[in-house]
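# Structure at a glance
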Amino acid sequence: MEHVDELIAGHALRALSSEDEERVVVHLAECERCRRRLRETEAVAASLAYSVPQMAPPPELRSRVLAIAEPVVAAPAAEAPAVEAPARPGRPRPRHGWWPRVSLVAVPAMALALGAMVVWNVSLRNDLDSSRDDFAHGAAVALPGVGNVVAQTDGNATLFAHLRRAPAGKTYEAWVIRGTVALPAGVFEGGGTVELELTQSAKPGDKIAVTVEPKGGSRKPTTTPIATSRSV
Amino acid sequence: MEHLSDHGLLALVGRGDREAFARLYDMYGGAAYSLALRIVRDRDLAADVVQNTFLAIWTQARTFDSSRGQPSTWILTMTHHKAVDMVRREERRRAEPLDDAPAALDPEPPVEHQAWLGVAREQIATALARLPDPHREVIELAYFAGYTQSELAERLAVPIGTVKSRTFAAMNALRDALAALGMRPEDEWNTSTS
Ligand SMILES: [Zn+2]
């Protein structure tokens, strides 16, 4: 077997082309010797991290980071927020355009933090320009403690969730809440960052909620939502 | 929790221990932020990098394999990768000269439990300074400025094969220079036991 020492050095610096990167990853999967070399090389690379001047992180970064670990999968309990009543009638709507823009400035720090992550997620998928374009047409709405929903003007909506894996025998289910009706919008298992195209389109005034359901999902929510958005 | 090794802390984080997670941030948040800032050169982007890194830590700690090295290496490797990925999307950052010190920022004295960092930093700087210029150049351009190997070949006007072998030689030289100063990164990058 031909080892990949040179590529391991480039890999540890994240400098490889995608073809070389693939070669090295494939090789590492089957070569203990090269995995050991990578371990050493990564540690040498990490020493470079310690060579930079130490700067104080902004204090609010600590709260943003610790918010990641806020409990999000509460057992369906009395104190969990119930699905909110529909927005009061006559609430003013932005006049420009059919789709109300939701300002992320108004939502709490956690949601803000996750808002930043949505931008991150989207720009990972697309190049920066096209993701900016997406956002010009869509509205991001926070799902506190869970993530965000990005709804497009055509009603297609994508949920970005940052949840731990659902407990055994359970699944997460997304809902489009229209008035007092909850429409099933897809199930997911969680674990890492999940991107879910909702199977139900979202109209202005709808809310998005997430519940924990028995494996396979339910046709109606059987537990109190772990998060409910404001109107999209 | 004070007595726990990084491995112990990370195992607790993997079980959803928020206190351990906070402690891990207090230990490595500063180093991660400083590294991210050095690479992306923007406080907001650096904060986003750190947040994404700790999100990955929180969600992946359970699957961390302790045989694959020190948690600190894992954390800083992820920080580095996320920062480099970001700087590649923000092309304009790279126009800035490498040695342009972020003058607007106030250096912060190392946190108490990371006091060894001050010593380590000096030694690592010494090791870097001992490298031949072409070695130091290739490491700095790749690691801190996020250049890919093909971009390096173009910038340095050498064949890509030369970039690959030079990178390999440079990392070996850095390892040897650290060893000559008595540092073995693979064993030592663990603030809890230092
Ligand atoms: Zn090998």
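Being a predicted model, the structure only gives us computed values, none of them experimental. (Residues numbered from 1 in each chain as written. Chains lettered and ligands numbered in written order. Predicted model: local features only at pLDDT ≥ 70, side-chain atom pairs only at ≥ 80, totals over all residues. Heavy atoms only, no water.)

This part is about the overall build of chain A. What chain A contains, in helices and strands, is six helices and eight strands. Counting helices and strands in the order they occur from the N terminus, chain A gives α-α-α-α-α-α-β-β-β-β-β-β-β-β. Out of the 232 residues in chain A, the part that is buried amounts to 49%. In chain A, the share of contacts with a sequence separation of at least 24, taken over all contacts with a separation of at least 6, comes to 60%. Accessible area for chain A stands at about 11200 Å²; split by element, carbon and sulfur atoms hold 54% of it. (Helix = DSSP H or I, 4+ residues; strand = E, 2+ residues; numbered from the N terminus. Buried < 20%, exposed > 50% of the residue type's maximum accessible area, 1.4 Å probe, protein only. Contact = heavy atoms within 4.5 Å. Areas by Shrake-Rupley, 256 points an atom, 1.4 Å probe, with all protein chains shown as cover.)

So, about the pattern of salt bridges. In a structure, side chains of opposite charge can pair up when their charged atoms sit close to one another. Applying the stated criterion to the full structure yields twelve salt bridges over all chains. Among the ionic pairs, arginine 14 of chain A bridges to aspartate 85 of chain B, the shortest N-O distance being 2.8 Å. Of the two residues, arginine 14 of chain A sits in the loop between α1 (5-12) and α2 (18-30) while aspartate 85 of chain B sits in helix α4 (residues 71-89), which places them in two different chains. Since its relative accessible area comes to 23%, aspartate 85 of chain B is described here as partly exposed. (Salt bridge = Lys/Arg side-chain N within 4 Å of Asp/Glu carboxyl O.)

With that settled, the discussion passes to the interface of chain B and chain A. Contacts between chain B and chain A engage 73 residues on the former and 55 residues on the latter. Overall, the association of chain B and chain A removes approximately 6000 Å² of surface from exposure, summing both partners, and the carbon and sulfur fraction of that is 65%. When residues of chain B are sorted by the area they lose upon contact with chain A, Gln51, Arg89 and Met171 of chain B head the list and together hold 12% of the total. Its salt-bridge partner being lysine 164 of chain B, residue aspartate 20 of chain A comes within 2.8 Å of it at the nearest N-O pair. Joining chain B to chain A, the criterion identifies 14 residue pairs in polar contact (both at pLDDT 80 or more). Counting residues per element, the ones that place at least two in the side of chain B that touches chain A are α1 (6-14), α2 (18-40), α3 (43-60), α4, α5 (116-130), α6 (133-143), α8 (160-180) and α9 (185-188) of chain B. Broken down by element, the residue count for the side of chain B that touches chain A peaks at 14 residues, all from α2 of chain B. (Buried area = accessible area lost by both parts, 1.4 Å probe. Polar contact = N/O pair within 3.5 Å; in protein donor to acceptor, adjacent residues only side chain to side chain.)

Residue and element names in this part refer to chain A. The coordination sphere of the zinc ion, as far as protein atoms go, consists of His3 (ND1), His27 (NE2), Cys31 (SG) and Cys34 (SG), spread over 2.0 to 2.3 Å. Read from N- to C-terminus, the donor residues coordinating the zinc ion fall into the pattern H-x23-H-x3-C-x2-C. Taken together, the residues span a long stretch of sequence, with histidine 3 in the segment before α1 and cysteine 31 in the loop between α2 and α3 (32-49) at a distance of 28 residues. With relative accessibility at 34%, the residue histidine 3 sits in the partly exposed group. (Donors = N, O, S within 2.8 Å, 3.2 Å for Na, K, Ca; no water.)

Time to look at the side chain of serine 229 of chain A. Turning to its location among the elements, serine 229 of chain A is positioned in the segment after β8 (227-228). Judged by relative accessible area, which is 0%, serine 229 of chain A ranks as buried.

The geometry of a pair of packed helices is captured by two quantities: the angle between their axes and the separation between those axes. Interaxial distance between α3 of chain A and α8 of chain B falls to 10 Å at its minimum, and their mutual angle equals 75°. Considering the angle they form, α3 of chain A stands roughly perpendicular to α8 of chain B. Two secondary-structure elements touch here, α3 of chain A through Arg37, Thr41, Val44, Ala45, Ser47 and Leu48 of chain A and α8 of chain B through Phe168, Met171, Asn172, Leu174, Arg175 and Leu178 of chain B. Broken down by class, the residue content of the contact of α3 of chain A with α8 of chain B amounts to seven nonpolar, three polar and two charged. (Axes fitted to C-alpha atoms, helices over the stretch in contact; angles between N-to-C directions. Parallel < 35°, antiparallel > 145°, perpendicular 65-115°, else oblique. Nonpolar A, V, L, I, M, F, W, Y, C, P; charged D, E, K, R; others polar.)

Residues and elements named next belong to chain A. In space, the four strands of this open sheet follow the order β5-β4-β7-β8, with antiparallel pairing throughout. The outermost strands of the open sheet, each flanked by one partner alone, are β5 (181-188) and β8. As paired elements, strand β4 (residues 170-178) and strand β7 (residues 207-214) share eight bridges and run antiparallel to each other. What sits directly across from lysine 170, in β7, is proline 214. (Pairing = 2+ DSSP bridges.)

Residues and elements named next belong to chain B. Following the criterion strictly, the structure yields six aromatic pairs over all chains and no others. Aromatic side chains phenylalanine 64 and tryptophan 74 sit 4.9 Å apart centroid to centroid with 45° between the ring planes, which places their arrangement in the tilted category. Residue phenylalanine 64 is located in the loop between α3 and α4, and its partner tryptophan 74 is located in helix α4; the two are separated by ten residues in the primary sequence. Phenylalanine 64 gets classed as buried once you look at its relative accessible area, which sits at 15%. With a centroid separation of 5.0 Å and an interplanar angle of 90°, the aromatic rings of tyrosine 143 and phenylalanine 144 are classed as edge-to-face. This pair shows no difference in class: tyrosine 143 is buried, exactly as phenylalanine 144 is. Through a chain of ring-to-ring contacts, three or more aromatic side chains come together here, namely Phe21, Tyr25, Phe54 and Trp58. Above the face of the phenylalanine 144 ring, arginine 38 is positioned so that its terminal group lies 4.7 Å from the ring centre. (Phe/Tyr/Trp six-rings, centres within 6.5 Å; stacked < 30°, edge-to-face > 60°. Lys NZ or Arg CZ within 6 Å of the ring centre and 35° of its normal.)

Counting residues in each nonpolar core, the largest one holds 81 residues, and the members touching the most others are Phe21, Ile57 and Leu174 of chain B. Here this core takes 15 residues from α2 of chain B, the largest share from any one element. Taken together, domain 1 (1-94) and domain 2 (111-184) of chain B each give at least three residues to this core, which thus spans both. Ignoring any residue separated from it by four or fewer positions in sequence, one finds phenylalanine 21 of chain B in contact with Val65, Leu66, Ile68 and Ala69 of chain A together with Val13, Phe54, Ile57 and Trp58 of chain B. (Core = buried A, V, L, I, M, F, W, Y, C linked by side-chain atoms within 4.5 Å. Domains from an automatic or database assignment.)

Further remarks concern α1 of chain B. Residue and element names in this part refer to chain B. Within α1, seven of the nine residues are buried, which leaves it mostly tucked inside the rest of the structure. For α1, the elements touching its buried residues are α2, α3 and α4. One or two positions beyond α1, positive phi appears at glycine 16, with a value near 90°.

Residue and element names in this part refer to chain B. Contact geometry of α2 with α4 gives a least axis separation of 9 Å together with a crossing angle of 30°. One element, α2, and the other, α4, form an angle in the roughly parallel class. Note that α2 runs across α4; the crossing there is right-handed. Mapping the contact onto sequence places Leu24, Tyr28, Ala31, Ala32, Leu35, Ala36, Ile39 and Val40 in α2 and Ser72, Ile75, Leu76, Thr79, His80, Ala83, Val84, Met86 and Val87 in α4. When the residues that make up the contact of α2 with α4 are grouped by side-chain class, the tally is 14 nonpolar, three polar and no charged. (Left-handed = near helix turned anticlockwise from the far one by under 90°.)

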